[in-house]
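If you want the building blocks of each chain, they are given just below.
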Amino acid sequence: LAGAVGASLTPDLETMDLPLAALLFAEDQARYCVTVPAQLTETVLAEAADEAVPVTRLGKTGRNSIDIAGCASLSLEALRASHEDWLPKLMSCAL
């Protein structure tokens, strides 16, 4: 949200060992989400393979929403409102 950069997530669930909910929401100290410029994608994938680091391509960034293929589409504006407004609403008993 801080960078105002959305994403289109299109994970290949057939080749993954996690259900979609676990992929999107489970916390794990050994799993990281990174972004790289499109022109460096293949280089990063090759370098990860050279070091035996498992990598899963999840999608592309650069939209004004978070789109999860076959699951949900949420605008950054709506996400920001939910993220920033819940506490003030709670404190004013508006929830």
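See the structure printed just above.
Not measured: the values here are computed from a predicted model.

Examining the sheet that holds strand β3 (residues 65-68)
The 4 strands are arranged β2-β1-β3-β4 in an open sheet whose pairing can be described as mixed. Taken across any chain shown, the strands that pair with only one partner, and hence form the sheet edges, are β2 (59-61) and β4 (72-75). When the angles between neighbouring strand axes are averaged without regard to direction, this sheet yields 5°. Pairing of β3 with β4 involves 4 bridges; the strand directions are antiparallel.

Concerning the nonpolar core
Formed by A7, L9, M16, L20, L23 and I68, the largest nonpolar core amounts to 6 residues. Only β1 (7-9) and α1 (20-25) provide two or more residues apiece to this core. Beyond its immediate stretch of four places on either side in the chain, M16 contacts P11, L23 and T56.

As for a nonpolar patch on the surface
Among the surface-exposed residues, Y32, V34, V36, L40 and V44 lie close enough to one another that they form a single nonpolar patch of about 490 Å² accessible area. Among the secondary structure elements, V44 is positioned in helix α2 (residues 41-50).

Details of the pairing of β3
Taken together, the 3 bridges between β1 and β3 define a ladder with parallel strand orientation. Across the sheet, the residue bridging to L9 is I68, located in β3. Between β3 and β4, which pair antiparallel in sequence order, lie 3 residues; one of them, G70, sits at a positive phi of approximately 70°.

About the criteria used
Once a new chain begins, its residue numbering starts again from 1 and follows that chain's sequence as written. At least 70 in pLDDT is required for a residue's local features to be given in this predicted model, at least 80 for side-chain atom pairs to be given and counted, and no such filter applies to totals for whole chains, interfaces and linings, which use all residues. Side-chain numbers come from the whole structure's heavy atoms, not from hydrogens or water. Paired strands are those between which DSSP finds at least two bridges. By definition, any uninterrupted DSSP run of H or I lasting at least four residues is a helix, any uninterrupted run of E lasting at least two residues is a strand, and each is numbered from the N terminus. Lines are fitted to the C-alpha atoms to define the axes, a helix being fitted only along its stretch in contact, and any angle between axes, read from their N-to-C directions, falls within 0 to 180 degrees. By convention a nonpolar core is built from buried Ala, Val, Leu, Ile, Met, Phe, Trp, Tyr and Cys residues, the set being connected through side-chain atoms within 4.5 Å. The rule is simple: take the accessible area with a 1.4 Å probe, protein chains only, and divide by the maximum for that residue type; under 20% is buried, over 50% is exposed, in between is partly exposed. The contact definition used throughout considers only heavy atoms, calling two residues in contact when any of these lie within 4.5 Å. Surface patches are drawn from residues lacking salt bridges whose relative accessible area is over 30%; two like charges belong together within 9 Å, two nonpolar side chains (Val, Leu, Ile, Met, Phe, Trp, Tyr) within 5 Å. Shrake-Rupley sampling with a 1.4 Å probe provides the accessible areas, and residues are treated as covered by the protein chains on show and by no other component. One side-chain nitrogen of Lys or Arg within 4 Å of one carboxyl oxygen of Asp or Glu is enough to make a salt bridge.

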